[in-house]
Amino acid sequence: MSLDLTQLEKKAVAKVLLDIVNADGRVTIGEGAYFQQLQNVLGISNSDIEEAKYMSVTGCLSIIRDLLPHEKSALAIMMLEMIRADGEVDKEELKVFAVVCAAADIPLPKTA
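Scoring rules and cut-offs
Position numbers for residues start from 1 in each chain and track the written sequence from start to end. Confidence filtering applies because this is a predicted model: local features only for residues at pLDDT of at least 70, side-chain atom pairs given and counted only at 80 or more, and all residues used for totals across whole chains, interfaces and linings. Think of the side-chain values as coming from all heavy atoms in the structure, minus any hydrogens and water. Two cysteine sulfurs form what is called a disulfide whenever their separation falls within 2.5 Å. The helix count covers DSSP runs of H or I at least four residues long, the strand count covers runs of E at least two residues long, and both are numbered beginning at the N terminus. Residue exposure (1.4 Å probe, protein chains only): buried if accessible area is under 20% of the type maximum, exposed if over 50%, otherwise partly exposed. Within this document, salt bridges are pairs made up of a side-chain nitrogen of Lys or Arg and a carboxyl oxygen of Asp or Glu, the two lying within 4 Å of each other. In what follows, residue pairs with any heavy atoms lying within 4.5 Å of each other are defined as contacts. Contacts described as polar in this section are N or O atom pairs within 3.5 Å, which, within protein, must combine one atom able to donate a hydrogen with one able to accept it, while residues neighboring in sequence count only if both atoms come from side chains. Axis angles are defined between N-to-C directions and span 0 to 180 degrees, where every axis is a line fitted to C-alpha atoms and, for a helix, only to the segment in contact. Working rule for angles: under 35 degrees goes down as roughly parallel, over 145 as roughly antiparallel, 65 to 115 as roughly perpendicular, anything else as oblique. Residues are sorted three ways: Asp, Glu, Lys and Arg are charged, Ala, Val, Leu, Ile, Met, Phe, Trp, Tyr, Cys and Pro are nonpolar, and all the rest, Gly among them, are polar. Residue count minus one, scaled by 1.5 Å, sets the expected span of a helix.

### Structural notes on the state of the cysteines
Within the structure shown, the criterion is met by 0 disulfides. Distance from the sulfur of Cys-60, which forms no disulfide, to the nearest cysteine sulfur (Cys-101) is 15 Å.

In structure tokens:
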């Protein structure tokens, strides 16, 4: 199954991933590279990212809550991979992950 996200969904996904990247106060090369890879795979433009920065967290969570189950599962895996992208698992990044999963009704992946 592929992810066929709307522009609004892409922005919401970008916002959540950016929040994880920024949760520990630093952005590493690994995180930047993984984000770029996801940006290319999902078709998220630079302008989508700029607009995503100004979206409210509650609005993004509402959009993500309405994703299809396989899209939510894919997002959970993307978030976990983003957390691991710099080679270390940060508590603040895990907190963002937990809040997003709880607020958007995303089941925790088996790899968590």
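### Some remarks on the environment of Ala-102
Structurally, Ala-102 can be placed in helix H6 (residues 91–103). Judged by relative accessible area, Ala-102 falls into the exposed class, the value being 57%. Sequence spacing of Ala-102 and Leu-61 is 41 residues, and the spatial spacing of their C-alpha atoms is 9.7 Å.

### Observations concerning unusual backbone geometry
Of note, the phi angle at Asp-105 is positive, near 55°, even though the residue is not glycine. Its place among the elements puts Asp-105 in the segment after H6.

### Details of the pattern of salt bridges
Applying the stated rule across the entire model yields 8 salt bridges. Glu-88 is paired through a salt bridge with Arg-26; the nearest N and O atoms lie 2.6 Å apart. Of this pair, Glu-88 sits in the loop between helix H5 (69–84) and H6 while Arg-26 sits in the loop between helix H1 (7–22) and helix H2 (29–42), and the two are 62 residues apart along the sequence. For Arg-26, a relative accessible area of 35% corresponds to the partly exposed category.

### Examining the environment of Arg-26
With sequence-adjacent residues up to four places away left out, Arg-26 is seen in contact with Val-21, Glu-31, Asp-86 and Glu-88. A polar side-chain atom of Arg-26 sits 2.6 Å from a polar atom in the side chain of Glu-88.

### A closer look at the packing of H5 against H6
Across the interface, H5 lies against H6 with an axial gap of 10 Å and an inter-helix angle of 170°. Classed by the angle they form, the pair H5 and H6 counts as roughly antiparallel. Mapping the contact onto sequence places Ala-76, Met-79, Leu-80 and Ile-83 in H5 and Glu-93, Leu-94, Phe-97, Val-100 and Cys-101 in H6. Here the residues of the contact of H5 with H6 sort into 8 nonpolar, no polar and 1 charged.

### Let's talk about H5
Counting along an α-helix, one turn takes 3.6 residues, and residues three or four places apart therefore face a common direction. Over its 16 residues, H5 extends 23 Å from the first C-alpha to the last, a length consistent with the 22 Å expected when each residue adds 1.5 Å. Along H5, the residues that are buried comprise Glu-71, Lys-72, Leu-75, Ala-76, Met-78, Met-79, Leu-80, Met-82 and Ile-83. The inward-facing, buried residues of H5 abut H1, H2, helix H4 (57–65) and H6.

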